[in-house]
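Single-letter residue listing:
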Amino acid sequence: VQLQASGGGLVQAGGSLRLSCVASGRTFSNYAVAWFRQSPGKEREFVAVIRRSGHTPIYSDSVKGRFTMSRDNAKNTVYLQMNSLNTEDTAVYHCAADSRLISSTLRSADAYDYWGQGTQVTVSS
């Protein structure tokens, strides 16, 4: 499956952005999709994941309550609505997908076989 992320940009602290990840090439509904982010000098960090069913996304503690992930299988797209952004959210955001994940590996970047290019999110103070 090929993934294309978009929606990043420059926003002031407290603002919002919505990222999109469009998939092509395979049956999208068979894949769990996650967002990871990476800022300079830091390791790639899990942000959120949504299962194939679309129910009950899982969020990292750092974004819980501020970010909402959803998916539209008819459009082969997942979304990450990011509210109350702060400077620590500045990073390149990547979407990733895999069809073989189990609960214990959902947060692990190594478990995902398919990755999109990143989209830069910059939050200014």
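Scroll up for the structure.
Residues numbered from 1 in each chain as written. Predicted model: local features only at pLDDT ≥ 70, side-chain atom pairs only at ≥ 80, totals over all residues. Heavy atoms only, no water.

A. Expanded view of the side chain of aspartate 89. Topologically, aspartate 89 is positioned in the loop between strand 8 (77-82) and strand 9 (91-98). With relative accessibility at 1%, the residue aspartate 89 sits in the buried group. Of note is the side chain of aspartate 89, whose polar atom sits 2.9 Å from the backbone nitrogen of asparagine 86. Excluding residues that lie within four positions of it along the chain, aspartate 89 makes contacts with Arg37, Arg66, Phe67, Ser84, Val121 and Val123. (Helix = DSSP H or I, 4+ residues; strand = E, 2+ residues; numbered from the N terminus. Buried < 20%, exposed > 50% of the residue type's maximum accessible area, 1.4 Å probe, protein only. Polar contact = N/O pair within 3.5 Å; in protein donor to acceptor, adjacent residues only side chain to side chain. Contact = heavy atoms within 4.5 Å.)

B. Fine view of the packing of aromatic side chains. Under the defined criterion, the tally for this structure stands at 5 aromatic pairs. Taken together, a centroid distance of 5.9 Å and an interplanar angle of 80 degrees make the contact between tyrosine 31 and tyrosine 114 edge-to-face. Of this pair, tyrosine 31 sits in the loop between strand 3 (17-24) and strand 4 (32-38) while tyrosine 114 sits in strand 10 (residues 114-115), placing them 83 residues apart in sequence. Tyrosine 31 sits in the buried class, given a relative accessible area of 5%. (Phe/Tyr/Trp six-rings, centres within 6.5 Å; stacked < 30°, edge-to-face > 60°.)

C. Region of interest: the sheet that holds strand 1 (residues 2-6). Ordered in space as 1-3-8-7, the 4 strands form an open sheet in which the pairing is antiparallel. Two strands lie at the open edges of the sheet, namely strand 1 and strand 7 (67-72), each paired on one side alone. On average, each strand axis in the sheet is tilted by 15 degrees relative to the strand beside it, whichever way the strands run. The sheet contact formed by strand 7 and strand 8 spans 6 bridges and is antiparallel. Among the inter-strand pairings, threonine 68 is bridged to a residue of strand 8, identified as glutamine 81. (Pairing = 2+ DSSP bridges. Axes fitted to C-alpha atoms, helices over the stretch in contact; angles between N-to-C directions.)

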